[in-house]
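# Tertiary structure, described
Read off the chains here:
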Amino acid sequence: MARNTLSAALNAVPDPMLFIGSGGMIELSNPAGEALFGVWIRGRSYVTALRQPALLGEIDLVLRGNRPSETRYIKSDQTGETQFRVMISPIAETDAGQAGVILHFTDITHLREAEEMRRDFVANVSHELRSPLTAVLGFVETLRGPARNDAEARDRFLEIMEQQALRMNRLVGDLLSLSRVEAEERVRPSDEVDLRDVISGVLTTLRPQAEDQGSALELVSEPGDYRIRGDRDQLTQVFTNLAENALKYGGKGRPVTVRMETGEGRGSMRGPVVRAEVIDRGDGIDPLHLPRLTERFYRIDSHRSREMGGTGLGLAIVKHIVNRHRGRLRISSEKGKGSTFTVVLPR
């Protein structure tokens, strides 16, 4: 293969590629390869340039055995680790009459991250289901044995078993909801919805719950057009979740305000928008936790969250629904002064 033909072939590939001659020198690299390793690697020994033993060993085997191989290469920098799958392919003959190998680097970091997320998700779901299930099985065993004829203990245990069963039911329901939302996330809703009507309905539904704990629910909206393209059921789910959280974590006797306004988007979100802020007057959230609040199963206080019936999936569902509506979810909080969850949706 003529050198200029080989060079043109490498340059046509968007992924990083290198050509190593039979003498072990890196003779060619495409622009992506130079961006990954630097221009300085051309003309250097692959041992000096690449360094990682697993990759060096496979290159050596291909150079000597003329058979293709595959391995991994990990690039570390200030932003973290990037993992590449490296295909090592022999070239039988170059224009100089020498053999060599081509290295093709494919970024598979996203695949590794997806696999880690899947493992973490399965582990979290297993843990969340195992705890109440273990409790239920333990009480069943007790009711069949020592507490068989103890009416008072039986009633107490059955109440706890009911609570644990309801907890599992909420978790399964949230998992199914999250799955449906993720499946539809790329399909933007097409129905016209008045967001002020949606939020008014949510607050009317939650008002008895607020009155039971001595809190007030207030809707403050400026005059304007609050019609958007949206899914009414999903938007109801968003603001039900946010308002319920504000009531739970805002504290008894403290008001919750939903403030709405129309305006112009900023930054990457241009054009007319609707903003809805759900504001509580609770203890606030440490800024350390804010970036992770929408992660699945992330809780600031796991024990308190479970006692209040939380599954750790509510804000993850909210985030995916807002994404489906091409909107933004912003969270701000200050210790001792409450929290504000802002949903911005295109109008």
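As a reminder, the structure under discussion sits directly above these lines.
Structural notes, computed from the coordinates. (Residues numbered from 1 in each chain as written. Predicted model: local features only at pLDDT ≥ 70, side-chain atom pairs only at ≥ 80, totals over all residues. Heavy atoms only, no water.)

## What about the nonpolar core?
Within the largest apolar cluster, 43 residues are counted, with the highest numbers of intra-cluster contacts made by Leu-195, Ile-199, Phe-239, Leu-242 and Met-260. Elements that contribute at least two residues to this core include exactly α6 (151–184), α7 (195–212), α8 (232–250), β9 (256–264), β10 (272–280), α10 (314–324) and β12 (338–346). Apart from the residues within four sequence positions on either side, Leu-195 is in contact with Tyr-226, Ile-228, Leu-235, Phe-239, Met-260, Val-274 and Leu-345. Judged by nonpolar contacts, the second largest core, of 20 residues, contains Phe-37, Ala-49, Leu-55 and Tyr-73. (Core = buried A, V, L, I, M, F, W, Y, C linked by side-chain atoms within 4.5 Å. Buried < 20%, exposed > 50% of the residue type's maximum accessible area, 1.4 Å probe, protein only. Helix = DSSP H or I, 4+ residues; strand = E, 2+ residues; numbered from the N terminus. Contact = heavy atoms within 4.5 Å.)

## Structural notes on a negative patch on the surface
Together, Asp-150, Glu-152, Asp-155, Glu-159 and Glu-162 make up a region of like negative charge exposed at the surface. With respect to the element layout, Asp-155 can be found in helix α6. (Patch = residues over 30% accessible without salt bridge, like charges linked within 9 Å, V, L, I, M, F, W, Y side chains within 5 Å. Areas by Shrake-Rupley, 256 points an atom, 1.4 Å probe, with all protein chains shown as cover. Salt bridge = Lys/Arg side-chain N within 4 Å of Asp/Glu carboxyl O. Lys, Arg positive; Asp, Glu negative; His and termini not counted. Charge placed at Lys NZ, Arg CZ, Asp CG, Glu CD.)

## What to know about the environment of Ile-102
With respect to the helices and strands, Ile-102 occurs in strand β5 (residues 100–107). Setting aside its immediate chain neighbours within four residues, Ile-102 contacts Leu-6, Leu-10, Met-17, Leu-18, Phe-19, Met-87, Ile-88, Ser-89 and Ile-91.

## So, the sheet that holds β9
Taken in spatial order, the five strands line up as β7-β9-β10-β12-β11 in an open sheet, and their pairing is mixed. Pairing within the sheet leaves two strands with one partner each, and these edge strands are β7 (217–221) and β11 (328–334). Adjacent strand axes in the sheet meet at a mean angle of 15°, parallel and antiparallel pairs treated alike. Relative to β12, β11 runs antiparallel, the two being bridged by seven bridges. Paired with Leu-329 across the two strands is Val-343, which belongs to β12. With respect to the sheet, α7 is in contact with β7, β9, β10 and β12, its orientation differing from that of β7 by roughly 165°. α10 rests against β11 and β12 of the sheet, and its axis sits at about 140° to β11. (Pairing = 2+ DSSP bridges. Axes fitted to C-alpha atoms, helices over the stretch in contact; angles between N-to-C directions.)

## Side note on the layout of surface pockets
Its boundaries defined by the atoms lining it, the second largest pocket holds a volume of some 270 Å³. In this structure, the second largest pocket is lined by Met-117, Asp-120, Phe-121, Asn-124, Glu-182, Thr-294, Glu-295, Arg-296, Ala-316, Lys-319 and His-320. Those elements that provide at least two residues to the lining of the second largest pocket are α5 (109–144) and α10. Here the element with the most residues in the lining of the second largest pocket is α5; it accounts for four residues. In the lining of the second largest pocket, the residues fall into three nonpolar, three polar and five charged. (1 Å grid on protein atoms, 1.4 Å probe; cavity = no way out; pocket = protein on both sides within 12 Å on 5 of 7 lines; lining within 4 Å. Points joined across faces, edges and corners; volume = space filled by probe spheres on them. Nonpolar A, V, L, I, M, F, W, Y, C, P; charged D, E, K, R; others polar.)

## Structural notes on α5
With 36 residues, α5 should reach 52 Å at 1.5 Å per residue; the first-to-last C-alpha distance of 52 Å fits that figure. At Arg-130, α5 shows its maximal kink, close to 25°; a proline, Pro-132, follows between one and four residues later. (Expected span 1.5 Å × (residues − 1). Bend = angle between axes of the 7 residues up to and from the residue.)

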